[in-house]
Amino acid sequence: MMQLRTGDWMTAGQFADKAGVTIRTVRFYDKVGLLTPSHRTDSGHRYYTKPDLARLQRILTLKYIGLTIDEISRIVHRDGDEVDLKESLRVQSTIIGQKMEHLRLVQKTVKETLSLLESLEDGEEGGPDSPEEGRESSPAWELFASIIRVVNQEYENAFNLQTRIHLHDEFSTNPYKWHHWLFDRLDIPAGSKILELGCGDGTLWERNAARIPSNWEVTLTDLSDGMLNDAKERLEHCVPSDRFCFATADARSIPYPDASFDAVLANHMLYHVSERHQSLKEIRRVLKPGGILFASTMGTNHMKEVKGLLSAFNPNYDTGRQDFACEFGLENGGDQLDAAGFSDIRCQRYADGLRVIDAKPLIAYIRTTPGGRENLTDSRLSKLAALLNDTISTEGAIHITKEVGLFIACRKS
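Residues numbered from 1 in each chain as written. Predicted model: local features only at pLDDT ≥ 70, side-chain atom pairs only at ≥ 80, totals over all residues. Heavy atoms only, no water.

Before going further, it helps to spend a moment on the pattern of salt bridges. When the charged atoms of two side chains lie near each other, side chains of opposite charge can form a pair. Considering all chains together, one arrives at 14 salt bridges under this definition. With a shortest N-O distance of 4.0 Å, Glu275 and Arg252 are connected by a salt bridge. A residue pair is termed long-range when its members are at least 10 positions apart, and Glu275 in the loop between strand S7 (261-267) and helix H13 (276-286) and Arg252 in the loop between strand S6 (244-248) and S7 qualify at 23 residues. Here Arg252 falls in the buried class, since its relative accessible area comes to 18%. Among the charged side chains, a salt-bridge network with shared partners connects Asp30, Arg40 and Arg46. (Salt bridge = Lys/Arg side-chain N within 4 Å of Asp/Glu carboxyl O. Helix = DSSP H or I, 4+ residues; strand = E, 2+ residues; numbered from the N terminus. Buried < 20%, exposed > 50% of the residue type's maximum accessible area, 1.4 Å probe, protein only.)

Written out as structure tokens, the structure reads:
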């Protein structure tokens, strides 16, 4: 067996942690031949090197803009041939437009990496292929890992979602938790077929596992394959494997026939959907006559104190741009449902707030927000932490407004 020098090689788990992806992703790309490990022991253990980060970054970026595994494989195995990439970029232009805000952040990080690599080529220090001993600490390798993390830094990322849930679990003032309250309102008859759009990591169903009627037929969908895998893993430990069906689905083009479901659940997700009118049209289409839509969302004052903090620490922060409630919220969601042909629309609000007595979970939450990711430098984070800790010390807690609730609407016959 070869000699491994600390810093040169990473196990599959260390490589996954460095890149900010799951070990399942690393194994999958090995299985399909996109990213084979630099070394594999006789016993089957995988070892990766720092240049593998660059290859993984390219794979994930191509995947992000919508290319298929076959397209990515052709590109990464034919360096310099950009014909397929250019054609695919033309086809995927709509997706890129919808993700423009995130792409700008990816582009910024890529440019920083490119600038550093160019300075290294000019002789400032050893580049990625340089044999010098100092190359393993080159900041360029850290930036490749940074690109990967940014590419995966969407709202539907399971780590971000769990970070947000943790804050609410720890500091919500209502002792009856949101997921239980929401499940209480799913007044769905026995034997019903239920579709959830944007199921996330399945937390709602996990926390109500013992309460799910055995004769419900539940289909969980999400646009993110990674998130759907997280839901499968989470639920396989608490419910029988045949209780749920899982499928990747876009809410704007739901892959099921007309009148397929008795109920559709959209839990805090409609405000993320572009072409929302089309999505509501699709929901109405797959609902049976008399079927029910349950759509939870937030109000414009939800977490307003967090928005105030981001504005205070970054004068360029656009509060309006980050306000999902402006898209589909408690104030305007009913009108959108009415325009889409739903009837008997009711809005039920969940009374709650946050009393935060530890700054760290709040800072972690803020860092998952678009404004937090983009604008909170290390210096601003230090100042924010000092302010929050001082507030907790002097006032006992940080009080944060919550405005969340649920629309219940019926499909007209």
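Here we have seven strands laid out as an open sheet, ordered S6-S5-S4-S7-S8-S12-S9, and mixed in their pairing. Either end of the sheet is taken by a strand with one partner, and the two such strands are S6 and strand S9 (342-350). Here the average twist between neighbouring strands, direction ignored, is 20 degrees. The pairing of strand S8 (residues 287-298) with strand S12 (residues 404-411) spans seven bridges and is antiparallel. The residue of S12 that forms the bridge with Met298 is Val404. Sheet contacts for helix H12 (residues 225-235): strand S5 (217-222) and S6; angle to S6, the most-contacted strand, approximately 165 degrees. Against the sheet, H13 engages strand S4 (193-197), S7, S8, S9 and S12, with an angle of about 140 degrees to S8. (Pairing = 2+ DSSP bridges. Axes fitted to C-alpha atoms, helices over the stretch in contact; angles between N-to-C directions. Contact = heavy atoms within 4.5 Å.)

Since the α-helix advances by 3.6 residues per turn, residues separated by three or four positions end up pointing in the same direction. Here helix H2 (residues 23-31) has its buried residues at Val26, Tyr29 and Asp30. Along the axis of H2, the buried residues cluster in a sector spanning 105 degrees; they form a single face. Downstream of H2 by one or two residues, Gly33 has phi in the positive range, about 85 degrees. (Arc of directions from axis to C-beta.)

So, on to helix H1 (residues 12-19). Along H1, the residues that are buried comprise Ala12, Phe15, Ala16 and Ala19. Down the axis of H1, the sector holding all buried residues measures 100 degrees, keeping them to one side. With its phi angle positive at about 80 degrees, Gly20 sits one or two positions after the end of H1.

The values are spatial; any link to function lies outside them.
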